[in-house]
Amino acid sequence: MSERSGGTPPRTLAEALRTRDDDALAALLRARPDLLSPVPNDLGQLATRAGTRASVMRALERLDRFTLQTAEALAASTDPAPYEAVRALMTGDEGDPRVEAALPHAVASLREQALIWGADDRLRLVRTAREILAPSPNHPSPTGLGPTVAEATAGMSPGRIQEIITTAGLPSTHDPVSAVTALAALFTDRTRMAALLDTAPPDALSVLDRLVWGPPYGEITSKPAPPVQWLRDHGLLLPTSTRTVVLPREAALHLRGGRAHRHTEPEPPEILPHPSTSTAAPSAVSRPQVVDSAAAAQAYTALATVEELAKEWNEGGPNVLRAGGLSVRDLKRTAAALDVTEPVAAFWVELAYAAGLLAADGEADERYAPTPAYDQWPDLPPAERWARLATAWLGATRTSGFVGGQDSKGRTLAALGPDLDRGAAPEVRRHVLDLLASLPEGIAPDPESVLARLRWERPLRGAVAGRPEDLRARIAAWTLNEAELLGVTGRGALSSHGRALIAPDGGAMGSFPKPASRTSATPGELSATGLHAARVLAPHLPEPLDHVLLQADLTAVAPGPLLRPLAETLSVLADVESRGGATVYRFTPASVRRALDAGQSASDLHAFLAAHSRTPVPQPLSYLIDDMARRHGHLRIGAASAYVRCDDEAVLDEILADRRSHGLRLRRLAPTVLAAQADPTTLLDGLRTMGLAPAAESAEGDVLITRAHAHRTPPRTPPAPVPDGPPVPAPTLLGAAVRAIRAGDQASTAVRKTLPEPAATAPAVGDLPRTTSAETLATVQAAALTGSALWIGYVNAEGTASQRVIAPVRVEGGFVTAYDHTADEVRTYPLHRITGVAELADDPA
């Protein structure tokens, strides 16, 4: 795209923007949405805003490696630079067909984002971008190049410059400027420069080899070695201080063969299959089914884990730290309860929080607990429950991988605490899944190739000082693990329901997504893709079972997922010993007592096991249930503060004689009654730790049935994602913004007719016109009759002044109704708020 105005090269970025059509301006605003906040008044203001350091830095961070290398080459070239000079810096003397093929697209991308402007024969890098990317002592360039000869000799004495060019075999000049020019011309002349280096000592060439690819600076002593002294005498090393020298840019480029970068990367790294995966294996045809089965099994495990977490916090979970989040101790307890590591436990906690299933209750003694939304969640079909978790994970900015790390102030980051939001997380997660989708079905990627692709696509994005990997690479590595935990992938490969989650139409998205298509998904769009993924997942989920396999070692094996009523009852009657493809439950005296405390009788338990076991009920299990039933309720606990009563006096004697009962401060009131100063709950717990099976009773002497009390938070909404910069504008907003900028630019640059004396003097460009009320009314009325356009100054009710181009239609009652070119609509303006009017030399309509 050539940027010219009437055949004359643009002199400024604003002039270059004026040559663009509406689609090109909309593309600029879409690529750099920060320029729209607020909408610029005209193209001059847009150009100014596009050149600010914050905006330029944000734009540079979103460039891929090759486009960034192109910008770096421009920064190391002359200003302006022809396209051929940039091509030479990128390809070198030997040329590179891949670079030459990719370079036009990189230049067009930089021009589209207003980082460069001008025609191909005069490419100019935006001044702020040049300051950021150009080589300098304080900010070394990734190219490894140093300053030019002119920059390095800026403070050098004319006599010293003449000595250098004389030693280099050049004729002396009358002024230092021509001497510097002659020296630079020597270094850029391939033939003469090669001849000069042929005369250099071998050790001098070794010194140049150490500096040629950067850093170009080196330290010297007060008496440098002969090779270094030779380089200094011939200007191949120029002093930057008394102890430091630098290899000038022109000399370095000659030694590099004309290349600005050691390794130019015009193409993104390929996503490779995992080393353990063989695409030519005979079983490759069945691998997608294996992947879907493994992912579906893990998806069911994910549902069970979240349910177990909610059950663990059902009566009120851990307390909320004063600074927010879970304490390290509570996270360890949660990890032990879920039988996972602490980082994995943090992931499940954060996932349930992102899905709106867990939250803080907001009480004075604030605790975490399930939300009312959780009570509705288990009633959904399993696939829809999974879809809710998956879409919450995909769009969440909270990043559990940072749990346990430290923030900028050295404070430990806690699960569910603040400072875990990373705006780049949703984009990275989606893109990682897109890269997995670019591989054949059933093929797992090599994680290192995924990270290499991300580094190529955003080399400057999210770098964290002092850490070996940038933010995006860390989130990507966590995404691969989290996708496997959640069942989006199976055996490392993207499942069919994982593909549906990111591409509802079934298409793969191997190329990097545009921001508009990837970071602006609405909750409704996420919900729609989640339901589609649920429909794809549903056939792969195992059907819930209505039976278990009882074994003689007091265990029960569930060979698959169980029906909810069966699972809930079995979780009360037995403890989960291990999870996986088959869940193992173990029956213990404590678990059987728990079932009896919940109101079950021995006959109920026998009937339950007989009805749901495919194997005979083992005799040891029947004996355990009967034995606990006989002992259950033999002791009765009431409030005295508390008392113990038992018809068997010998049992009470044993309790009094047991040292473990001393803390309960028991005393005998009657042969069958003991009184305690402890409360009933403490007394119950104390006797149970002694191996007894007491039952609580009411004031009337009836046995109290104890059931878990479900604690719920007030209604809570899931945490809102924290955006990564300004949102991508909608097409409607882009169109309106372009029209407003065009109209404002027309108003600020239009040629006005000079008003005759003694009327107001024609205003300068950018100033509001000033006319008297009578002149304003007369001019507006005349324009309404002739249908011409006017330039007006207007002050709204808030006192904000603006300039507009209007075409008056009707003037009456102190108001003018006109078509406003700035707003692209018909509006009515009070005449007393118009500061003045000026006719346009040309009608904008």
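Cut-offs used in this document
Residues numbered from 1 in each chain as written. Predicted model: local features only at pLDDT ≥ 70, side-chain atom pairs only at ≥ 80, totals over all residues. Heavy atoms only, no water. Helix = DSSP H or I, 4+ residues; strand = E, 2+ residues; numbered from the N terminus. Buried < 20%, exposed > 50% of the residue type's maximum accessible area, 1.4 Å probe, protein only. Contact = heavy atoms within 4.5 Å. Areas by Shrake-Rupley, 256 points an atom, 1.4 Å probe, with all protein chains shown as cover. Patch = residues over 30% accessible without salt bridge, like charges linked within 9 Å, V, L, I, M, F, W, Y side chains within 5 Å. Salt bridge = Lys/Arg side-chain N within 4 Å of Asp/Glu carboxyl O. Lys, Arg positive; Asp, Glu negative; His and termini not counted. Charge placed at Lys NZ, Arg CZ, Asp CG, Glu CD. Axes fitted to C-alpha atoms, helices over the stretch in contact; angles between N-to-C directions. Parallel < 35°, antiparallel > 145°, perpendicular 65-115°, else oblique. Nonpolar A, V, L, I, M, F, W, Y, C, P; charged D, E, K, R; others polar. Arc of directions from axis to C-beta. Pairing = 2+ DSSP bridges. Phe/Tyr/Trp six-rings, centres within 6.5 Å; stacked < 30°, edge-to-face > 60°. Lys NZ or Arg CZ within 6 Å of the ring centre and 35° of its normal.

Q: Report on the overall build of the protein, specifying residues and quantitative values.
A: Within the protein one finds 34 helices and 23 strands. The buried share among the 845 residues of the protein stands at 47%. Once local pairs closer than 6 in sequence are excluded, the contacts in the protein between residues at least 24 apart make up 65%. Per element, the accessible surface of the protein, about 39,700 Å² overall, is 54% carbon and sulfur.

Q: How would you sum up a negative patch on the surface? Please name residues and give values.
A: Among the surface-exposed residues, D647, D648, E649 and E654 lie close enough to one another that they form a single negatively charged patch. With respect to the helices and strands, the residue D647 is situated in the loop between β15 (642-645) and α31 (649-657).

Q: Which residues make up the packing of helix α5 (residues 65-75) against helix α7 (residues 97-112), and what values go with them?
A: Contact pair α5 / α7: the axes reach a minimum separation of 9 Å and the direction vectors enclose 80 degrees. One finds that α5 runs roughly perpendicular with respect to α7. Each of F66, T67, T70 and A71 in α5 lies in contact with α7, whose residues at this interface are V99, A102, L103, A106, V107, S109 and L110. Class assignment of the residues belonging to the contact of α5 with α7 gives a composition of eight nonpolar, three polar and no charged.

Q: So what about helix α14 (residues 226-233)? Which residues, and what values?
A: Regarding α14, the residues found buried are P227, V228, W230 and L231. What you see down the axis of α14 is that its buried residues fit within an arc of 155 degrees, all on one side. Lining the buried residues of α14 we find α12 (190-198) and α13 (202-211).

Q: Any chance you could break down the environment of G663 for me, citing the residues and the numbers?
A: With respect to the secondary-structure elements, G663 resides in the loop between α31 and β16 (666-670). In this structure G663 comes out as exposed when scored by relative accessible area, which is 64%. Residues G663 and Q677, 14 residues apart in the sequence, show an inter-C-alpha distance of 9.4 Å.

Q: Please provide a residue-by-residue account of the sheet that holds strand β5 (residues 244-246), values included.
A: Taken together, three strands build an open sheet; the order of strands is β3-β5-β4 and the sheet is antiparallel. Looking at strand neighbours, the two that pair on one side only are β3 (217-219) and β4 (238-239), the edges of this open sheet. Relative to β5, β4 runs antiparallel, the two being bridged by two bridges. Bridging across to β5, L238 finds its partner in V246.

Q: Which residues make up the packing of aromatic side chains, and what are the values?
A: Here the structure, examined in full by the defined rule, presents five aromatic pairs. Judged by centre distance (4.9 Å) and plane angle (70 degrees), the rings of Y794 and Y829 are edge-to-face. A residue pair is termed long-range when its members are at least 10 positions apart, and Y794 in strand β19 (residues 790-795) and Y829 in strand β22 (residues 825-830) qualify at 35 residues. Y829 gets classed as buried once you look at its relative accessible area, which sits at 3%. In this arrangement the basic side chain of R385 is found over the ring face of W377, its NZ or CZ atom lying 5.5 Å from the centre.

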